[in-house]
Amino acid sequence: MSADIGVTGLAVMGANLARNLARNGYTVALHNRSAAKTDALLAAHGEEGEFVRTETLAELVDALERPRRLLIMVKAGAPVDAVIDDLIPLLDEGDIIIDGGNSFFEETRRREERLREQGLHFVGVGVSGGEEGALNGPSIMPGGSQESYRTLGPMLEKIAADYHGEPCCAWIGTDGAGHYVKMVHNGIEYADMQGIGEAFDIMRSVAGMEPAVQSGVFREWNTTDLASYLIEITAEVLDQEDEETGHPLIDVIVDSAGQKGTGRWTAISGLEVGSPVSAIAESVFARSVSSQRELRQQTAKAFSSGVQETVTGEFAVADDREDFVEDVRKALYASKLVSYAQGLDMLIAAGEEFGWDLDLKSIASLWRAGCIIRADLLDTIMKAYDVAPEQRPRNLLLAEEFTEALNECLPAWRRVVAAAATHGVPTPVFSSSLAYYDSLRRERLPAALTQGLRDYFGAHTYQRVDKEGVFHTLWSGDRSEVSS
Ligand code: NBP
C-alpha cells in the first residue's frame, strides 16, 4: 500500500501527529530510529487508521506516493540534520521534507536553502498545542515554498485545530517563516504566563487572597475580555490541593520555572531585528531569576523577604478588595495587549528583515484554537487587521478597539504597578509593559540626552529637530557645533 505521508520520529509528538493523520483518513508510513517505538505505537493504536510499518528510512521512502511527504519529528538540532542527511540520497526531485519540531528558524532557513539547491522542498512547520494538540488538532504554522503548500496544505489543514469551521493552519511565508511565527507565539506565551503569575502574586501578597479564592477570580475573569486557555487552566491549577500535605498544590511546587529556549530565541531575535519586545524579554528574565533559588534565598535573608511596608502609608487595595481585583484584571489585560502588540510588531520587523510578507490577520487566526495562547482577544486582533493595507495599524495598540481598551485600563494599570512597587512585589511584565506604552505615547524621550552624551564621549554625532544634517559639538574645544 502506498502511504500519503511518512513520519519519522515517533516520540510523543510524532506518534500523536501520525495518529491524527491516520484518524483523518490518511495512510501513514511509520519510522523511528529504534523500531520499538514504531511497534509500541502500532500495538496501542494500530487500529485507529491505516499505518505502514517500516524499519529503515529506505523502506519508509519506498512506502510513499510521489511527490513524497516526509514528516520529521525528531529532537530539534543535530538529529534533524542527521535524518536529512540520510534522506537526501533516497529522495527524488519535488519531494517534500517537513520538520515539525521546534527548530530554530535560522536553521530552517539554512536547511531550506540547502535542500532547494538539490531540488527538494523543505517545509519548517511550527506546531503548537503540545501532545494533546498534536493528537486532536494543533495550531499549525507552515513555512517553505508556496508550491509545496499546494501539495501539503490540505493535509495539514485537515489535521489542524478547527475554530468554528476554519482550520488553524495557513501558509505563513518562505523558508523559516513558519518556525519564526511559532517562536514568537511561544514568546507571547511566556509573557502571558508571567503576567498571570504577577496577577496571582500581587493579589496574594498585597490583598491576602489564597489560591482557592483566586481560582474563583480567574474563573470569573475567563468570562471577560481576558477569556483564554491560560486563564482557564490557571483556575484549575490554583484550585488543586496537594494530596500529601493538604496544602494548595501551588505551594508545594518549586518556584523555579523551566524553559526550553523559544522565549530566549524570541527575545534575542527581537533585539536583532530592532523590535522592543520588552515584556517578552522580561518574562524570560523572570524565569532566569526564578531559577536562581539559592541566590534568592540568601538575598531574602539579607533584605528581608515578603511584602514591604508601604512607603506612602495606607494602601487602598485591601480596603476594597473587589476594586483591587478589578484593577489587577485590567492591568493584566493591558499588559497582555502589550505583549501581543510587541510580538506582532516583531513579526513586521522580521518580515522586512527576512523578506516575508507576513499576514498578521491570518497569523492571529491560527492562534485561536489548538495552541497555548488561544484567547478571545485574537478575534479582536483579527478585526484590527481586517482593513485595507494602508489602514492597518502600525502597532496593535493603535487599533481603535485597543486604544479605547487601553484608555479604559490605564488608571487601574498605573495603580497596580504603583502598588506593586510600593509593596515590593516584582511585576516585570506589568511594569515593563506600562513603560513600553508610556514610551510609545511620549513625543519626546530622554534619548536626546543619550545622543548628547554619546556625542560628548565618542563623537557619535546627532541630528537636530530643526534642520537636516548630522552634527557634532566640539565638547573639548570651544563647544561650537560643526556639521559632520
Ligand atoms: P523528542 O524531542 O524527545 O525527540 C525524541 C525523538 O527523536 C525519538 O523519536 C528519537 O528516536 C529521535 N532521535 C533522536 Br533523540 N536523535 C535522533 C537521531 N540522531 N536520528 C534519528 N532520530 C533521533 O520528541 P518529542 O517530545 O516528540 O518532540 C519532537 C519535536 O517536537 C521536538 O522538536 C520538540 O521540541 C517539538 N515539540 C514538542 C512539543 C511537546 O509538547 N513535547 C510541543 C511542540 C513541539 P529514538 O526513539 O530512537 O531515541
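Residues numbered from 1 in each chain as written. Predicted model: local features only at pLDDT ≥ 70, side-chain atom pairs only at ≥ 80, totals over all residues. Heavy atoms only, no water.

Section: a nonpolar patch on the surface
Right, on to step 1. A contiguous nonpolar surface patch, about 480 Å² in accessible area, is contributed by L449, L453, Y456 and F457.
Right, on to step 2. Locating L453 in the fold gives a position in helix 19 (residues 447-458).
Right, on to step 3. Classification of L453 as partly exposed rests on a relative accessible area of 46%. (Patch = residues over 30% accessible without salt bridge, like charges linked within 9 Å, V, L, I, M, F, W, Y side chains within 5 Å. Areas by Shrake-Rupley, 256 points an atom, 1.4 Å probe, with all protein chains shown as cover. Salt bridge = Lys/Arg side-chain N within 4 Å of Asp/Glu carboxyl O. Helix = DSSP H or I, 4+ residues; strand = E, 2+ residues; numbered from the N terminus. Buried < 20%, exposed > 50% of the residue type's maximum accessible area, 1.4 Å probe, protein only.)

Notes on the sheet that holds strand 5 (residues 96-99)
Right, on to step 1. Taken in spatial order, the 7 strands make up an open sheet running 3-2-1-4-5-6-7, and their pairing is mixed. The open sheet has two edge strands with one neighbour each: strand 3 (51-53) and strand 7 (139-142). This sheet shows a mean twist of 25° between the axes of neighbouring strands, independent of strand direction.
Right, on to step 2. The sheet contact formed by strand 6 (residues 121-128) and strand 7 spans 4 bridges and is antiparallel. Bridge assignment links G126 to a residue of strand 7, and that residue is M141. (Pairing = 2+ DSSP bridges. Axes fitted to C-alpha atoms, helices over the stretch in contact; angles between N-to-C directions.)

Some remarks on the site of the ligand
Right, on to step 1. The environment of the ligand is formed by 19 residues, the closest being M13, N32, R33, S34 and K37.
Right, on to step 2. At 2.5 Å, a side-chain N or O of K37 approaches an oxygen atom of the ligand.
Right, on to step 3. In the complex, 75% of the free accessible area of the ligand, which totals 910 Å², lies under the protein chains.
Right, on to step 4. The set of elements that each furnish at least two residues to the shell around the ligand consists of helix 1 (12-23) and helix 4 (78-87).
Right, on to step 5. Residues belonging to the shell around the ligand are distributed by class as follows: 10 nonpolar, 6 polar and 3 charged. (Near = heavy atom within 4 Å. Polar contact = N/O pair within 3.5 Å; in protein donor to acceptor, adjacent residues only side chain to side chain. Nonpolar A, V, L, I, M, F, W, Y, C, P; charged D, E, K, R; others polar.)

Comments concerning unusual backbone geometry
Right, on to step 1. Of note, the amide linkage connecting R66 to P67 takes the cis form, showing an omega dihedral of -5°.
Right, on to step 2. Note that P67 resides in the loop between helix 3 (57-62) and strand 4 (69-72).
Right, on to step 3. Phi is positive for D175, close to 30°, though the residue is something other than glycine.
Right, on to step 4. Positive phi is not limited to glycine here, since T461 has a value of about 70°.
Right, on to step 5. Note that T461 resides in the loop between helix 19 and strand 10 (471-473).

Examining the side chain of T266
Right, on to step 1. Note that T266 resides in helix 11 (residues 262-272).
Right, on to step 2. The exposure class of T266 is buried, given its relative accessible area of 0%.
Right, on to step 3. In terms of polar contacts, T266 uses its side chain to reach the backbone carbonyl oxygen of T262, at 2.6 Å.
Right, on to step 4. The contact partners of T266, leaving out residues within four places of it in the chain, are M183, V184, G187, V277, I280 and M346. (Contact = heavy atoms within 4.5 Å.)

Let's talk about the confidence of the model for the protein
Right, on to step 1. Chain-level pLDDT for the protein is 95 on average; 97% of the residues reach the 70-or-more range.
Right, on to step 2. For residues 310-316, every residue scores under 50 in pLDDT, and the model assigns this stretch 7 contacts once sequence neighbours within four places are set aside. (pLDDT = per-residue confidence, 0-100.)

Details of the UniProt feature "binding site: substrate" (unreviewed entry) in the protein
Right, on to step 1. On the UniProt side, "binding site: substrate" (unreviewed entry) is annotated at positions that read N102, S128, G129, G130, H185, N186, Y190, K260, R287, R454 and H460 here. Look at the named residues: they lie 359 residues apart in sequence, and the longest C-alpha span between them is 48.5 Å, so in the fold they stay spread out.
Right, on to step 2. Following the sequence through the fold, G130 ends up in helix 6 (residues 130-136).
Right, on to step 3. Relative to the elements of secondary structure, R287 occurs in helix 12 (residues 278-291).
Right, on to step 4. What R287 contacts, discounting residues up to four positions off in sequence, is Y190, M193, A257, G258 and Q259.
Right, on to step 5. Polar contacts involving the side chain of R287 include one to the main-chain carbonyl oxygen of G258, which spans 2.8 Å. (UniProt positions renumbered as here; feature names shortened; annotations may be inferred.)

With respect to the nonpolar core
Right, on to step 1. Grouped together as the largest cluster of nonpolar side chains are 81 residues, with contacts concentrated most on Y180, W221, L347, W367, I381 and W413.
Right, on to step 2. When residues of this core are traced back to their parent elements, those giving at least two are helix 8 (177-205), helix 9 (211-221), helix 10 (229-239), helix 14 (321-354), helix 15 (360-366), helix 16 (377-385), helix 17 (400-423) and helix 18 (428-441).
Right, on to step 3. Residue contributions to this core peak at 17 residues, all from helix 14.
Right, on to step 4. With sequence-adjacent residues up to four places away left out, W367 is seen in contact with S139, M141, V181, H185, I188, L344, L347, I373, R374, A375 and L378.
Right, on to step 5. L10, I96, V123 and Y149 belong to the second largest nonpolar core, which has 29 residues in total. (Core = buried A, V, L, I, M, F, W, Y, C linked by side-chain atoms within 4.5 Å.)

Focus on the packing of aromatic side chains
Right, on to step 1. For the structure shown, the criterion picks out 11 aromatic pairs.
Right, on to step 2. A centroid spacing of 5.9 Å and a plane angle of 55° characterise the contact between Y180 and F354, whose relative ring orientation is tilted. You can see Y180 sitting in helix 8 and its partner F354 sitting in helix 14, a full 174 residues away along the chain.
Right, on to step 3. Residue classification places Y180 among the buried positions, given a relative accessible area of 0%.
Right, on to step 4. What makes F354 buried here is its relative accessible area of 15%.
Right, on to step 5. Cation over ring: K158 sits above Y26, and NZ or CZ is 5.5 Å from the ring centre. (Phe/Tyr/Trp six-rings, centres within 6.5 Å; stacked < 30°, edge-to-face > 60°. Lys NZ or Arg CZ within 6 Å of the ring centre and 35° of its normal.)

Comments concerning the pattern of salt bridges
Right, on to step 1. Enumeration over the complete set of coordinates arrives at 35 salt bridges.
Right, on to step 2. In this structure, the salt-bridge partner of E55 is R53, at a minimum N-O distance of 2.9 Å.
Right, on to step 3. Linked through salt bridges whose partners overlap, the residues forming this network are D81, D99, E107, R110 and R111.

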